Amino acid sequence: MGFLDEVNEPDLSLEPESSPPPPLPTGRRRAASQRLSADGFWDGLTVLLLVGMAGMILYFFLIFQNPYASFNPYPPDTPVPTLFIPTFTPTPRVLPPTWTPTATLEPTFTLTPSATVTETPTVTFTPAPPTDTPQVSAYRYLIRGSPDYLPGKVIHPDEGCKLWVAGQAFDLKGAPVVGITVQIGGSLDRPLYLLTLTGTAPQYGTGGYEFVLAEQALASTESVWVQLLDQEGYALSPRVYFNTYADCEKNLILVNFKQVR
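These numbers were taken from a predicted model, which means no experiment stands behind them.

What to know about the state of the cysteines
As enumerated under the stated definition, the model contains 1 disulfide in all. Here Cys161 engages in a disulfide with Cys248; their sulfurs sit 2.0 Å apart. Here the disulfide of Cys161 and Cys248 is left-handed, its torsion about the S-S bond being about -120°. Of this pair, Cys161 sits in the loop between strand 2 (148–150) and strand 3 (163–170) while Cys248 sits in the loop between strand 8 (240–244) and strand 9 (252–254), and the two are 87 residues apart along the sequence.

What to know about a nonpolar patch on the surface
On the surface, Phe41, Trp42, Leu45 and Leu48 cluster together to form a nonpolar patch covering roughly 470 Å² of accessible area. You can see Trp42 is positioned in helix 2 (residues 26–65). For Trp42, a relative accessible area of 51% gives the class exposed.

A short note on the environment of Phe211
With respect to the secondary-structure elements, Phe211 resides in strand 6 (residues 208–214). Between the alpha carbons of Phe211 and Trp164 there is a distance of 5.6 Å; along the sequence they are 47 residues apart. Not counting residues within four places of it along the chain, the set of residues in contact with Phe211 comprises Leu163, Trp164, Val165, Val182, Gln183, Ile184, Leu194, Leu195 and Thr196.

Observations concerning the side chain of Thr244
Within the secondary structure layout, Thr244 lies in strand 8. Given the relative accessible area of 2%, Thr244 is considered buried. At a separation of 2.5 Å, a polar atom in the side chain of Thr244 contacts the side chain of Ser220.

Analysis parameters
- Residues numbered from 1 in each chain as written.
- Predicted model: local features only at pLDDT ≥ 70, side-chain atom pairs only at ≥ 80, totals over all residues.
- Heavy atoms only, no water.
- Disulfide = S-S within 2.5 Å.
- Helix = DSSP H or I, 4+ residues; strand = E, 2+ residues; numbered from the N terminus.
- Patch = residues over 30% accessible without salt bridge, like charges linked within 9 Å, V, L, I, M, F, W, Y side chains within 5 Å.
- Areas by Shrake-Rupley, 256 points an atom, 1.4 Å probe, with all protein chains shown as cover.
- Salt bridge = Lys/Arg side-chain N within 4 Å of Asp/Glu carboxyl O.
- Buried < 20%, exposed > 50% of the residue type's maximum accessible area, 1.4 Å probe, protein only.
- Contact = heavy atoms within 4.5 Å.
- Polar contact = N/O pair within 3.5 Å; in protein donor to acceptor, adjacent residues only side chain to side chain.

This is the structure in structure tokens:
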């Protein structure tokens, strides 16, 4: 046969094709299955933990945005509303632009010199009584006449039996003066301290003023007075004391002032 026989003859020395690996033993298969199951459990637990953390972050964020939410177990106390206190604004006393401030002179007293006795060796003189010196008022205004008592219904027919004090102030020429401060003081059923200006009650005249002393006429004896003041609060007139009556026919007291210098 020769060379051809050697070529055509199969090579029986070649290895057969590879075969599948033999199956794992039953014990090893069970261990691999348990390991895969344990890995799945931990993976699921990790996912649940991440979801829980995300939920907690969202929960705290919502409470931070709204602490008064219904699901907040510890809501803060309800804030107390702030009280509004109005600011007190004093109203300055305004005088008319034509009012001219005047200086107030302190009262001066005129001393009358006493008579002197001249003695001689033989004659003794008895001094004559001193001559009265006419007094000059230290105030610029004095009461004009005396207080007048009228029924209040003459000016206030619909206001009952209140107790009023009113009047005017006049200058040297008899013209009404506007813008002089008028003060009431003393005590009636309570201490009195009231201020107004002449010219604020024109129903009594151009220089008129008015006070309401009580809601019902009361009787008193020279416990109330009225006085004129300048812009700085110094007296322009003496205090004029007057009586009051529990009588609706005498519940309007008129006190007028006149300038004397």
